[in-house]
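Breakdown of the fold
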Amino acid sequence: MVSPSAGASPPITDPATAANNDAQRWDRAFARAAGSAPSDFNAVRLLLDAGENFPAWLEAINKAERYILFESYLILNDPLGRLFAEALAARAKDGVRVCAIFDWLGSWGGRALWAQLREAGVQMRSFNPPRFDSPLAWLSRDHRKSIIVDGNVGFVSGLCIDAAWEGDPEKRMEPWRDTGVEIRGPAVADLEHAFVAIWNICGGEAMGALPAAIVTKEKVGDVRVRVVAGVPGIGGTYRLDLLVASVARRQLWLTDAYFVGTSAYTQALRAAAADGVDVRLLVPGASDIPALSPLSRAGYRPLLESGVRVFEWNGTMLHAKTAVADGTWARVGSTNLNLASWMSNYELDVAIENAAFAQAMATQYEMDLDRATEIVLTSRNRVRRSEPRAEVAKESGTPMARRAASGSAGRAAAGAVSVGSALGAALTNRRTLGAAEAGLLGTMAVIVLGFVVVAALWPRVIAWPLAVIGGWLALSWLLKSLSLWRGGRNGPEVDTALNPRPHSQAGRSDHGDPRG
């Protein structure tokens, strides 16, 4: 018999103490995975679609007294975009400090509004415009959607400033299905920290002290919130999603606009379903890039074979990015379940640990499934909808909504990952390819053969573009090298790249700083 060594802690026999220690261990696990500490005593309100989100945003903006921090991947010069631009401009003219960040690529269609905002006194930052010394920097985008007003209230969602979210009844375009949250309490400070980090990444003078001396720390509720600010290459949200898929015991219900799960994440969902967890995935019913629809469905096969239930939305567009697990945990934000969101973009989500909020999310999820059609495996092991879309509309007695012709950037990014996965599997034989991928491989083979023929017959057609690209890359690296060398000679290194450094505070991550 082995006796305990001197000074060893006695075993814990008190159930309450053991349960508390387990809770602390799980809390540390979530903190390590997400790279963020939790914030307690918040109040959170679930906001659905444009009908609830946009009015709440405008009300908060119109009531602002000290400052507004506004961040959106997409703002268009349409009636909705002009409405928000006018609201922000009006507050700036009244002396409220308004700071706005728009993604250069995503908001290209709203550039006409930028001059109007600047003239009104709005401080503007454009995220990641093209630069000669960073040829591939455009691959990383600011996909976040957040608003913070006076340090008292914050909003996080998947909605952009685009009238498409409101729908168009005359064209049978329904409002897009999307989800957001309103947060009050100490977690607003974490949202503000995430915004300031992106502001500083954009260059220019770093953001100084805000008019409010301190963000509110008042305890306004009983909801625990964890702000997960996704950063390229860090994968905090990815690690968190994998952890949740691994620890869920009863239920894991997911909604995603552009699902292309990695092998690791797909396996985590399959393992959960095999272990008896009710795993469901709700996705859009159609793609604005038709060639990707069969490819997306091919990716559902391993999930369906393991017992994961997959549903396709019957409305115009499903754009929400949410998760709810075990009736106690939920996630809402901008991150899609694909590598572009997990590893390339700046994203923003909130993980909420509260039974009442999780139950509200689960209830809404079941309502959403009433407007969705389940994807099944046929007797020939093919993936298809359980009912044709026209039959679903006929049974419900409502005319079919037209499908959205938007969302191309997200769908294209997800599609690129799908194509890369299929081509890689064909080369390495690391997984079994499905019949839906035969057309893709054939198309890519024809394209490559055409490239080979052109290279053989007209080599200059290939050589000159490659020479230009190679020269551009070489010059960009040379400029980076000189910048780093000068920084090393003149003092602290100035890092203008978009990759952040870790934050010095425990439990947090610094999402970028112009001084690296």
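Being a predicted model, the structure only gives us computed values, none of them experimental.

Reading the values: the criteria
Residues numbered from 1 in each chain as written. Predicted model: local features only at pLDDT ≥ 70, side-chain atom pairs only at ≥ 80, totals over all residues. Heavy atoms only, no water. pLDDT = per-residue confidence, 0-100. Contact = heavy atoms within 4.5 Å. 1 Å grid on protein atoms, 1.4 Å probe; cavity = no way out; pocket = protein on both sides within 12 Å on 5 of 7 lines; lining within 4 Å. Points joined across faces, edges and corners; volume = space filled by probe spheres on them. Helix = DSSP H or I, 4+ residues; strand = E, 2+ residues; numbered from the N terminus. Nonpolar A, V, L, I, M, F, W, Y, C, P; charged D, E, K, R; others polar. Core = buried A, V, L, I, M, F, W, Y, C linked by side-chain atoms within 4.5 Å. Buried < 20%, exposed > 50% of the residue type's maximum accessible area, 1.4 Å probe, protein only. Arc of directions from axis to C-beta. Salt bridge = Lys/Arg side-chain N within 4 Å of Asp/Glu carboxyl O. Patch = residues over 30% accessible without salt bridge, like charges linked within 9 Å, V, L, I, M, F, W, Y side chains within 5 Å. Areas by Shrake-Rupley, 256 points an atom, 1.4 Å probe, with all protein chains shown as cover. Phe/Tyr/Trp six-rings, centres within 6.5 Å; stacked < 30°, edge-to-face > 60°. Lys NZ or Arg CZ within 6 Å of the ring centre and 35° of its normal. Axes fitted to C-alpha atoms, helices over the stretch in contact; angles between N-to-C directions. Parallel < 35°, antiparallel > 145°, perpendicular 65-115°, else oblique. Left-handed = near helix turned anticlockwise from the far one by under 90°.

**Some details on the confidence of the model for the protein**
Across the protein, the average pLDDT comes to 82, with 75% of residues at 70 or higher. Low confidence marks residues 1-6, where pLDDT is under 50. Its contacts with residues over four positions away, or in another chain, come to zero contacts. Low pLDDT, under 50, characterises residues 492-516; the predicted model gives this stretch 54 contacts beyond four residues in sequence or across chains.

**Digging into empty space enclosed by the protein**
Throughout the structure, instances matching the rule amount to six cavities of 30 Å³ or more. Approximately 90 Å³ is the volume attributed to the second largest cavity. Contributions of two or more residues to the lining of the second largest cavity are made by β9 (251-255), β12 (322-325) and α11 (355-369). Looking at the lining of the second largest cavity residue by residue, the class counts come to seven nonpolar, four polar and two charged.

**A look at the nonpolar core**
If you look at the biggest cluster of nonpolar residues, it comprises 45 residues, and the most contacted ones within it are V181, I183, V225, V350 and F357. Here this core takes eight residues from helix α5 (residues 187-201), the largest share from any one element. A50, A87, M124 and W165 belong to the second-largest nonpolar core, a separate cluster that totals 43 residues.

**Structural notes on helix α4 (residues 111-119)**
Since the α-helix turns once every 3.6 residues, residues separated by three or four places project in the same direction. Regarding α4, the residues found buried are L113, W114 and L117. Across the axial projection of α4, the buried residues extend over an arc of 110 degrees, all falling on one side. When the buried face of α4 is taken as reference, the exposed residues oriented beyond 90 degrees from it are A112 and E119. Note on α4: the residue one or two positions beyond its end, G121, has a positive phi of about 105 degrees.

**Re the pattern of salt bridges**
The tally for this structure, following the rule as stated, stands at 16 salt bridges. Across the salt bridge formed by K63 and E59, the nearest N and O atoms sit 3.0 Å from each other. Overall, the relative accessible area of 56% leaves K63 in the exposed class. Taking the shortest distance from any N to any O, the salt bridge between D368 and R177 comes out at 3.1 Å. Of this pair, D368 sits in helix α11 while R177 sits in the loop between β6 (153-157) and β7 (179-184), placing them 191 residues apart in sequence. Like R177, D368 is buried.

**Digging into a nonpolar patch on the surface**
Residues F132, W472, L475, L478, L479, L482 and W485 make up a contiguous nonpolar surface patch of about 690 Å² in total accessible area. By the element assignment, L475 lies in helix α15 (residues 459-490).

**What about the packing of aromatic side chains?**
Summed over all chains, the structure comprises 13 aromatic pairs. The interplanar angle of 65 degrees and the centroid separation of 6.0 Å between the aromatic rings of W57 and F84 together place this pair among those described as edge-to-face. Residue W57 is found in helix α2 (residues 49-62), and its partner F84 is found in helix α3 (residues 79-93); the two are separated by 27 residues along the sequence. Here W57 and F84 have matching classes, each one buried. Members of the aromatic cluster, each reached through a chain of ring pairs, are F54, W57, F70, F84, F102 and W114. Positioned above the aromatic ring of F41 is the side chain of K219, whose terminal nitrogen or guanidinium carbon lies 4.5 Å from the ring centre.

**A look at the packing of helix α6 (residues 236-247) against helix α7 (residues 263-274)**
The contact between α6 and α7 brings their axes to 9 Å, and the two run at 20 degrees. One way to sum up the angle between α6 and α7 is to call them roughly parallel. Crossing of α6 over α7 shows left-handed handedness. Along its contact with α6, which presents Y238, D241, L242 and A245, the element α7 presents A264, Y265, A268, L269 and A272. Of the residues in the contact of α6 with α7, the class split is eight nonpolar, no polar and one charged.

**Remarks on unusual backbone geometry**
Of note, the phi angle at N128 is positive, near 60 degrees, even though the residue is not glycine. Positionally, N128 belongs in the loop between β4 (123-127) and β5 (145-149). Residue classification places N128 among the buried residues on the basis of a relative accessible area of 8%. The phi dihedral of D326 falls on the positive side, at around 55 degrees, and the residue is not glycine. For D326, the position within the fold is in the loop between β12 and β13 (329-333). On the basis of relative accessibility, which here comes to 12%, the residue D326 falls in the buried class.

**Describing the packing of α3 against α4**
Relative orientation and spacing of two packed helices are given, respectively, by the angle between their axes and the distance between those axes. With their axes 9 Å apart at the nearest point, α3 and α4 run at an angle of 15 degrees to one another. Put simply, α3 runs roughly parallel to α4. Once α3 is placed against α4, the crossing between them reads as right-handed. Counting all contacts with α3, which are made through G81, R82, A85, E86, L88 and A89, the residues of α4 involved are L113, Q116 and L117. Along the lines of polarity and charge, the residues of the contact of α3 with α4 split into five nonpolar, two polar and two charged.

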